[in-house]
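One-letter residues, chain by chain:
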Amino acid sequence: MQADTPTDVRRVRALFLSDVHLGMRPTRIGQLVDFLRHHDADTIYLIGDILDGWRLARSWYWPPIYNEFVEELLAKAARGTRMVVLPGNHDEFLREYLGTYFGEVEFVDRTVHTTALGRTYLVMHGDQFDVVVAHAKWLAHVGDWAYRMALRVNIFINWVRRRLRRPYWSLSAWAKNKVKNAVSVIGRFEEALTLEARDTGVDGVICGHIHFADMHDRLGIHYINTGDWVESCTAVCETYEGQFELIKWSAQLQPVPKPPREGGGVLRLRRRKADVDGPEAQRQASQR
């Protein structure tokens with residue numbers, strides 16, 4: 001059953017999401033559902049890998065929270081939100097529907113978004129410019145396996161960190177920032193996307209694919225990556241003033257504090273009142 005609509009819903013001109021990976025077990029769909037319940041938009045762009053067809057084809061995994069996510073999107077579409085789906089490499093089977101419409105939902109390979117200020121942005125998943133995905137798909141599957149292994153290790157690491165009351169930490173994000181080859185791959189990906197945007201004649205590019213949220217103008221083109229909802233819990237929005245914001249939703253969720261234990265945290269064993277005041281207690285007291 002759908003939760004009550006929050007009173008603090010933020011309305012934006014456009015919302016950009018990618019890399020949800022429905023079907024991959026360690027994902028943050030609960031946070032995404034919460035995010036959608038707090039945000040409405042005139043247009044929502046789902047920029048690839050919303051479904052993880054690679055995982056679903058091997059082992060079907062579809063918990064109830066996935067239905068809540070789909071229902072939230074369909075409810076927004078029914079209220080008039082334009083929904084644009086741009087398939088990625090993990091849900092490439094959806095590319096069979098490119099150019100088709102299902103109510104308010106449309107499927108395209110790429111599109112151009114025009115902001116409130118008249119600036120234009122190429123919107124696409126980005127796997128088309130990933131050399132590994134395009135020319136060595138077997139290696140992409142190896143990389144996907146390694147990523148899933150890192151996520152499993154990360155579950156144990158963060159279990160320990162929760163015990164120590166430390167915040168969430170991402171092993172894969174740390175590797176992307178520290179490993180030289182990973183940083184180089186990200187740099188080449190950004191260069192390829194900005195070059196495509198320049199050749200298209202637009203002012204910027206909005207993409208996903210590499211699970212690395214960022215927004216900058218270092219290459220002369222406004223580059224925006226939406227990140228992911230496997231770990232990062234990031235999305236991008238355009239306000240009605242035509243400004244872009246990179247939102248990290250997990251950082252806005254405050255953990256519910258645990259109630260303190262009675263007696264200053266000291267665990268005490270107590271007898272039931274019937275035992276304390278009953279005849280047996282009186283008999284023991286008279287024998288002392």
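Residues numbered from 1 in each chain as written. Predicted model: local features only at pLDDT ≥ 70, side-chain atom pairs only at ≥ 80, totals over all residues. Heavy atoms only, no water.

**Q** Hey, could you run me through the overall build of the protein chain in this one?
**A** Of regular secondary structure, the protein chain possesses 9 helices and 12 strands. Sequence separation of at least 24 residues holds for 67% of the intrachain contacts in the protein chain that already meet a minimum separation of 6. (Helix = DSSP H or I, 4+ residues; strand = E, 2+ residues; numbered from the N terminus. Contact = heavy atoms within 4.5 Å.)

**Q** Can you help me understand the sheet that holds strand β9 (residues 214-216) in this one?
**A** Strand pairing in a sheet relies on backbone hydrogen bonds, with the paired strands running either antiparallel or parallel. Overall, mixed pairing links the 5 strands, which are arranged β6-β7-β8-β10-β9 in an open sheet. Each end of this open sheet is capped by a strand with a single partner; those strands are β6 (111-114) and β9. Mean inter-strand twist for the sheet, computed between neighbouring axes without regard to direction, equals 20°. Pairing between β6 and strand β7 (residues 120-123): 4 bridges, direction antiparallel. From the neighbouring strand, T114 faces β7, where its bridge partner is T120. (Pairing = 2+ DSSP bridges. Axes fitted to C-alpha atoms, helices over the stretch in contact; angles between N-to-C directions.)

**Q** Sorry if this is basic, but what is going on with the sheet that holds strand β3 (residues 82-85) here?
**A** Across the sheet, which stays open at both edges, the 7 strands sit in the order β4-β5-β3-β2-β1-β11-β12 with mixed pairing between neighbours. The open sheet is flanked by β4 (101-102) and β12 (244-248), the only strands paired with a single partner. Here β3 pairs with strand β5 (residues 105-107) via 3 bridges, running parallel. Note on β5: the bridge partner recorded for V84 is E106.

**Q** Even after reading the chapter, I still don't get the packing of aromatic side chains, so can you show me in this structure?
**A** Two numbers describe a pair of aromatic rings. These are the distance of the centres and the angle of the planes. Inspection of the entire model under this criterion finds 11 aromatic pairs. Each ring, one from F35 and one from W229, has its centre 5.5 Å from the other, and the planes form 45°; the classification is tilted. Pair noted here: F35 is in helix α1 (residues 29-37) and W229 is in the loop between β10 (222-225) and β11 (234-238), with a separation of 194 residues, a long-range link. Residue classification places W229 among the buried positions, given a relative accessible area of 0%. Considering the side-chain rings of W62 and Y66, the 5.1 Å spacing of their centres and the 90° angle between planes classify their relative orientation as edge-to-face. (Phe/Tyr/Trp six-rings, centres within 6.5 Å; stacked < 30°, edge-to-face > 60°. Buried < 20%, exposed > 50% of the residue type's maximum accessible area, 1.4 Å probe, protein only.)

**Q** I would appreciate a short explanation of helix α3 (residues 64-78) in the present structure.
**A** For an α-helix the count is 3.6 residues per turn, leaving residues at separations of three or four pointing the same way. In this model, α3 (15 residues) spans 21 Å end to end at C-alpha, consistent with the 21 Å of a helix rising 1.5 Å per residue. Taken together, the buried positions of α3 are occupied by Y66, F69, E72, L73, A75, K76 and A77. Along its buried surface, α3 packs onto α1, β2 (39-46) and β3. Backbone geometry just downstream of α3 places G80 in the positive-phi region, at approximately 110°. (Expected span 1.5 Å × (residues − 1).)

**Q** Can you walk me through the pairing of β11 in this structure?
**A** The side chains of a regular strand alternate between the sheet's two faces. Counting buried residues along β11, 5 of its 5 residues qualify, which places the element largely inside the surrounding structure. Residues T234, V236 and E238 line one face of β11 and the alternating positions A235 and C237 line the opposite face, and both faces are buried. Note that strand β1 (residues 10-17) and β11 share 3 bridges and pair antiparallel. Note on β11: the bridge partner recorded for L15 is C237. In this structure, β11 lies alongside β12, joined through 5 bridges in antiparallel fashion. Counterpart to C237 in the pairing with β12 is E245.

**Q** Would you mind going over the pattern of salt bridges with me for this structure?
**A** Once their charged atoms are close, side chains differing in charge can pair, the charge on each being opposite to the other. Counted by the stated rule, this structure contains 13 salt bridges. Across the salt bridge formed by E245 and R10, the nearest N and O atoms sit 3.0 Å from each other. Note that E245 is positioned in strand β12 and R10 in strand β1, a separation of 235 residues in sequence. Assessed through its relative accessible area of 29%, E245 is described here as partly exposed. Taking relative accessible area as the criterion, R10 reaches 31% and is therefore assigned partly exposed. Here E196 and R110 are joined by a salt bridge, their closest N and O atoms 2.8 Å apart. Placement of E196 in helix α7 (residues 180-200) and of R110 in the loop between β5 and β6 is noted, with a sequence separation of 86 residues between them. On the accessibility criterion, E196 (17% relative accessible area) is buried. What you see here is one network of salt bridges that share partners, running through R37, E68 and E72. (Salt bridge = Lys/Arg side-chain N within 4 Å of Asp/Glu carboxyl O.)

The values reported here are purely geometric and, on their own, carry no functional implication.
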